[in-house]
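Coordinates in review
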Amino acid sequence: MKKRGVVLAAVFTSMLAGCGGGGGGYSATVGVRVTGLTAGQVVLQNNSGDDLTVSADGEQTFPTLLAYDSQYDLTVKTQPDSLICVADSPVGTVTGPVTIDVVCTTPVTVSGTLEKSSDGSKLGTVTIEARNPVDDSVLSSTVTETGLSGTLGNYSIKVANGHDFYLHAAGRDIEGTIYVSDNLQIENETADRGNVKFYFTDQTTVNTMASNLGFDAVKDAVFSMDVESSSGSGIAGVTVSAS
């Protein structure tokens, strides 16, 4: 009986080691459940280094196990050519096996112009990104046009169908004045939308308005009057916040 007890103890120790035990703590898999991937492949990445290439709908797991109580942070490293994939609840803490839903859809197009809010002048060669508001990851990007054929400041960007997103452009020094972009947040867009003006506002104005409203100038200040169509009317479902 004593010999059998030693064997069972050895087996139990081996099982613990296989799931991250044996003094090092437990570990678990992080996986994805992909739907809508009708063409091409998507490259997913966990914690900025663990890559997983998916070419069809279904469930797959990342190569690296994560320890319990550690963080996972899934991003889309490379989008399919004709689709945009978005992860649902991509950030969290490992308390057991993790499965993250990734939904791929045919994108819709949002287009318009990037302008200075002070005088309406249009701005070329500015990179605009569509970002996931859940984790600020970049879904797609484009660059405003430089002015050939009267298209200065025009942009056209692919965004996730049926998913919230916001448009963001990096700040820029224009003749000694720092301008920051208003973030256009659009909720659950399911159809192409054109003539959406996207604004650069000087940082001093942003800070002053945010202070007057009692908001954080970077995260909270809302300037809904800076969103309009080419006819000057408001855009339903869009809010603007300073960034």
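Here is what the cut-offs are and how they apply
Residues numbered from 1 in each chain as written. Predicted model: local features only at pLDDT ≥ 70, side-chain atom pairs only at ≥ 80, totals over all residues. Heavy atoms only, no water. Salt bridge = Lys/Arg side-chain N within 4 Å of Asp/Glu carboxyl O. Helix = DSSP H or I, 4+ residues; strand = E, 2+ residues; numbered from the N terminus. Buried < 20%, exposed > 50% of the residue type's maximum accessible area, 1.4 Å probe, protein only. Pairing = 2+ DSSP bridges. Axes fitted to C-alpha atoms, helices over the stretch in contact; angles between N-to-C directions. pLDDT = per-residue confidence, 0-100. Contact = heavy atoms within 4.5 Å.

**Details of the pattern of salt bridges**
With the rule as written, the count across this model stands at 6 salt bridges. Linking R33 and D101 is a salt bridge whose minimum nitrogen-to-oxygen distance equals 2.7 Å. Taken together, the residues span a long stretch of sequence, with R33 in strand β2 (residues 30-35) and D101 in strand β10 (residues 98-105) at a distance of 68 residues. Overall, D101 belongs to the partly exposed group, its relative accessible area being 29%. Across the salt bridge formed by D51 and K77, the nearest N and O atoms sit 2.7 Å from each other. With D51 in strand β4 (residues 50-54) and K77 in strand β7 (residues 71-78), this pair connects stretches of sequence that are 26 residues apart. The class of K77 is partly exposed, set by a relative accessible area of 48%.

**Re the sheet that holds strand β3 (residues 42-46)**
Judged by pairing direction, the sheet is antiparallel, and its 4 strands sit side by side in the order β4-β3-β7-β9 without closing on themselves. The outermost strands of the open sheet, each flanked by one partner alone, are β4 and β9 (91-93). Taken over all neighbouring pairs, the strand axes of this sheet differ in orientation by 25° on average, direction set aside. By the bridge criterion, 3 bridges tie β7 to β9 in an arrangement that is antiparallel. What sits directly across from D73, in β9, is V91.

**Let's talk about the confidence of the model for the chain**
Per-residue pLDDT for the chain averages 77, and the proportion of residues at 70 or more is 72%. No element of the chain has a lower mean pLDDT than helix α1 (residues 2-18), which averages 36, and none a higher one than β2, which averages 98. Under a pLDDT of 50 for its full length, residues 1-18 has, in the predicted model, 4 contacts with residues more than four places off or in other chains. Across residues 219-243, confidence stays below pLDDT 50; counting only partners more than four residues off in sequence or on other chains, it has 73 contacts.

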